[in-house]
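Tertiary structure, described
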Amino acid sequence: MKVDVLLGLQWGDEGKGKIVDVLTPHYDMVVRFQGGPNAGHTLEFDGQKVVLHTIPSGVFRENTINVIGNGVIIDPFIMLNKEVNQISAITEIKSKLYISEKAHLILPTHRLLDNANERFRGKNKIGSTLKGITPTYIDKTGRNGLRVGDLLLSNFQQKYNYLKNIHLRQIKSMDFDYSTALIDGLSFAEYELAWLQAAQELKSYHICATEYLLNKALEDGKKILAEGAQGTLLDIEFGSYPYVTSSNTIAAGVCSGLGIPPNRIGTVYGLFKAYCTRVGEGPFPTELFDDTGELLRTQGNEFGSTTGRPRRCGWLDLPLLKYACMLNGVTELIMMKADVLNSLKTLTVCTNYTYKGKIITEIPYDLSDDISPQYEHFKGWNNTIDINNIPAALTDYISFIEQYLNLKIKLVSVGRDRTQNIIL
Ligand code: GDP
Ligand code: IMO
Ligand code: MG
């Protein structure tokens, strides 16, 4: 069997949580391969809304095993106190969750460091979610990190103290006074205590070498869905660097983030919104600063699932989308949030850029350079979408995108609930 992959083609928040939940009944396992609690994946069903950060979005379907792979970074406090608490009110979770012993731990001091780094950058800040993502991946590649498997060792506290003290020295050298800093509303000392308690509790979960679990499952004919976090334009290699996250968000990250060989990758579902959003700093060529941008934000409820920050909104950018499809080897497209465009009489799409006097369709080295998007306009459907009678203007919009990308759109999402979809 193969591992199918579902990932975001833009700057994150495309609606991955919703679609993973929709597709889960077709899979035996749902697995996360990168990122950490910077992700916020929203699921809505039976009148309930849940936001997941670290735990895969397959947890609400019976008989599905959920795996947190080695490429993910875990904050035990967030996972247990924010996610498990929320999930447990709806379904039992422990028996269906497996965690890689090789996944790295986000320490309380990683969160302080994230904060200190952002302050140090001043007006050049990245707009991080302040969840400690970059400092944790730095310690991973710098070979200093602590992993989930370390929790099971007798000298865990010693290792923890050693790394914490290195971090505190770094923080002091940046003139960052952590004695007054709050982490999720708690002082550092309070947060650290709660974190250490959560870390102990994590030991009661299935911790194992998930690369064996997953490869054996494939040998046994099980179907696996890999759930991406963030989006292609936030990828550490190919995103709008340096305004990116610190992991490989693209399909290539599935292999290293799970221990799956490349020839085991199957269908790659690429998700995009019918428009574009971004949260945090960084270039966004088709960003709207007018009433239409405001309308997209209001209609789409474009506020961060993790941080609550307003998302920047703009028109669909096809050169960027084509780049993302190329990098990921997308085989099927899924268009999200078409309903957010319902009230628009005219739709606008970027099809190329002008740059240094030339028309280009390839993405330049620096996206914040002086590029100016060129647009085509389409008639809007300007009505509520009847999923049994798709408006002609929506069909035209879909056909244009499919032709430009040379790929088929297989599903159009038209609402937040798991049932609100058009299957094409
Ligand atoms: P993710 O990070 O990719 O899982 O996406 P988020 O959950 O951060 O953001 C997507 C938001 O859009 C969530 O609030 C979803 O409930 C919502 N959503 C998903 N699909 C649709 C849709 O088709 N229409 C509308 N209006 N909202 C949607
Ligand atoms: P999901 O999985 C949208 C953005 C942050 C910031 C940059 C770096 O919900 O789509 P980080 O905390 O990773 O150091 O932040 O990346 N970012 C996201 N934006 N959706 C996400 O995840 C994101 N995760 C990180 O806003 O600009
Ligand atoms: Mg999100």
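The present account deals with the structure reproduced in this document. Nothing here was measured: the structure is a model prediction, and the numbers come from that model. (Residues numbered from 1 in each chain as written. Chains lettered and ligands numbered in written order. Predicted model: local features only at pLDDT ≥ 70, side-chain atom pairs only at ≥ 80, totals over all residues. Heavy atoms only, no water.)

Details of the overall build of the protein
Counting secondary structure elements, the protein contains 11 helices and 22 strands. A principal-axis box enclosing the C-alpha atoms of the protein has dimensions of 65 × 50 × 40 Å. Classification of the 424 residues of the protein by burial places 59% in the buried group. Once local pairs closer than 6 in sequence are excluded, the contacts in the protein between residues at least 24 apart make up 77%. For the protein, the exposed surface amounts to about 17,900 Å²; the carbon and sulfur share of it is 50%. Placing the 44 positive and 46 negative side-chain charges of the protein at their respective mean positions leaves the two points 3 Å apart. (Helix = DSSP H or I, 4+ residues; strand = E, 2+ residues; numbered from the N terminus. Buried < 20%, exposed > 50% of the residue type's maximum accessible area, 1.4 Å probe, protein only. Contact = heavy atoms within 4.5 Å. Areas by Shrake-Rupley, 256 points an atom, 1.4 Å probe, with all protein chains shown as cover. Lys, Arg positive; Asp, Glu negative; His and termini not counted. Charge placed at Lys NZ, Arg CZ, Asp CG, Glu CD.)

Quick word on the site of ligand 2
Around ligand 2 sit 22 residues in total, of which Asp13, Lys16, His41, Thr129 and Thr245 are the nearest. Between Gln230 and ligand 2, the recorded distance is 2.8 Å, taken from a backbone N or O atom to an oxygen atom. Burial of ligand 2 by the protein chains amounts to 98% of its free accessible area of 550 Å². Taken together, the residues of the shell around ligand 2 break down into 8 nonpolar, 11 polar and 3 charged. (Near = heavy atom within 4 Å. Polar contact = N/O pair within 3.5 Å; in protein donor to acceptor, adjacent residues only side chain to side chain. Nonpolar A, V, L, I, M, F, W, Y, C, P; charged D, E, K, R; others polar.)

Observations concerning the coordination of the magnesium ion (ligand 3)
The magnesium ion (ligand 3) binds to the protein through Asp13 (OD) and Gly40 (O), with metal-donor distances spanning 2.1 to 2.2 Å. With a gap of 27 residues between them, Asp13 in the loop between β1 (3–8) and α1 (16–23) and Gly40 in the loop between β2 (29–32) and β3 (41–45) connect regions that are remote in the sequence. For Asp13, a relative accessible area of 22% gives the class partly exposed. Under the relative-accessibility criterion, Gly40 is labelled buried at 9%. (Donors = N, O, S within 2.8 Å, 3.2 Å for Na, K, Ca; no water.)

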